[in-house]
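# Working through the structure, step by step
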Amino acid sequence: MNVGFGSPGLRPGLLSLQAPLKFLVVTLLCAACANHRLPPKELVEADIEAMQEAVAAKIPDAQRAARLNMSISQLRQQLLTFQAERDRFQFDLLELNGRPDATRPQLEARIEQFDEQRVATRARVFELHSEMLAASTAEEWKALFPYERAVLTDSEH
Amino acid sequence: MLIALLLGWLFLGGHGGGDLWFFGGRTPHQMSAEVAKVVPDKELQNVTKYNLELIEKEYKDLDSQRARLEKDVLAALERHDTTTDQFHTFQTRADVINANATKKMLDVRFLMREQLSDVQWRSLFPPPTAPHGSE
């Protein structure tokens, strides 16, 4: 992004704003970098918290806001549990793969075991998504979706 | 490019994380260098590198399928009128991709295993030291 600091076209009256603006942008960029360095668990927690704050700010109806927050809390739980399962699976798979005597049925069984957990979590995540849609209007969802996307993509909203 | 890690994992399991699990976090280039060290026989070295390239190619294909799937799923999640049936369609699509990828990866894995000695295998695929992702 070109923010045009010190560009020749900057009006003199705005020059005094350059330093604070630079500070603000640098601070925001550092915050963004810091967020990207967060371990996966903390990143999900931070994204979930941001989504719940967005609900408080954008959903005027208290009952629907409570329903949304309940779904978001359950989403948090699902994803944190899934992350732990995923880490165990990756470890087990690499461990199994490294064993010269590992058989195909052994590897297939571990993959299948993880797939069962994964499919169950995926179904629940979509259920929670549907619950959130039911508790919001189309307009409200437009404002909330960037937060859900951030949660599901391990990225910033 | 959007790296939809959690979504990728939810849809494609071990193939959805965007990295080559089979290489234990190493790049294809690193693996190739490792093969050159561990497998002295030139012919076997070339065969092993060819098999690793097959795995890398499979992952590249998978990556583009994953990117398309993620794009479609995110677009559906964004809409307020997406039906449950539409999500089921994505899940079916993902499961087919996942099953095919698992089969191909295991085929190559066991083909390679037949060609390498126990010592070579252990050197190329050392066990992980700590659960992946635990930092």
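Scope of this entry: the structure provided in the associated data block. What you see is a predicted model; the values in this text were computed from it and never measured. (Residues numbered from 1 in each chain as written. Chains lettered and ligands numbered in written order. Predicted model: local features only at pLDDT ≥ 70, side-chain atom pairs only at ≥ 80, totals over all residues.)

### A word on the overall build of chain A
A count of helical and extended segments in chain A gives five helices and zero strands. Scanning chain A from its N terminus toward the C terminus, one meets helices and strands in the order α-α-α-α-α. Burial analysis of chain A (157 residues in total) assigns 29% to the buried set. Counting contacts in chain A only where the partners sit at least 6 residues apart, residues at least 24 apart contribute 65% of the total. (Helix = DSSP H or I, 4+ residues; strand = E, 2+ residues; numbered from the N terminus. Buried ≥ 20, exposed ≤ 12 C-beta atoms within 10 Å, placed from the backbone. Contact = placed C-beta atoms within 7 Å.)

### Details of the packing of helix α3 (residues 42-78) of chain B against helix α4 (residues 84-115) of chain B
All names here are of chain B. The geometry of α3 relative to α4 is characterised by a closest axis approach of 11 Å and an angle of 170° between their N-to-C directions. Here α4 runs roughly antiparallel to α3, going by the angle between their axes. When the residues that make up the contact of α3 with α4 are grouped by side-chain class, the tally is 17 nonpolar, five polar and four charged. (Axes fitted to C-alpha atoms, helices over the stretch in contact; angles between N-to-C directions. Parallel < 35°, antiparallel > 145°, perpendicular 65-115°, else oblique. Nonpolar A, V, L, I, M, F, W, Y, C, P; charged D, E, K, R; others polar.)

### Things to note about the interface of chain A and chain B
When the parts come together, some accessible area is lost, and that loss is often what is quoted as the size of the interface. Of the residues lining the interface, 37 residues belong to chain A; the matching set on chain B comes to 38 residues. No other element matches the 13 residues that helix α4 (residues 104-134) of chain A contributes to the side of chain A that touches chain B. Across the side of chain A that touches chain B, the residue classes tally to 18 nonpolar, eight polar and 11 charged.

### Re the nonpolar core
Counting residues in each nonpolar core, the largest one holds 42 residues, and the members touching the most others are Met51, Val55, Leu144 and Val151 of chain A. For this core, the elements supplying multiple residues, two or more each, are α2 (40-58), α3 (62-97), α4 and α5 (138-153) of chain A together with α1 (5-12), α3 and α4 of chain B. In terms of residues, this core owes the most to one element, α5 of chain A, which gives seven residues. If near-sequence neighbours (up to four positions away) are discounted, Met51 of chain A is found in contact with Ile72, Leu144, Tyr147, Glu148 and Val151 of chain A. Grouped together as the second largest cluster of nonpolar side chains are nine residues, Met31, Met112, Trp121 and Leu124 of chain B included. (Core = buried A, V, L, I, M, F, W, Y, C linked by C-beta atoms within 7 Å.)

### A word on the packing of α2 of chain A against α5 of chain A
Residue and element names in this part refer to chain A. Across the interface, α2 lies against α5 with an axial gap of 8 Å and an inter-helix angle of 170°. The angle between the axes of α2 and α5 places the two elements in the roughly antiparallel class. Counting all contacts with α2, which are made through Val44, Asp47, Ile48, Ala50, Met51, Ala54, Val55 and Lys58, the residues of α5 involved are Glu140, Ala143, Leu144, Tyr147, Glu148, Ala150 and Val151. Its residues placed into classes, the contact of α2 with α5 shows 11 nonpolar, no polar and four charged.

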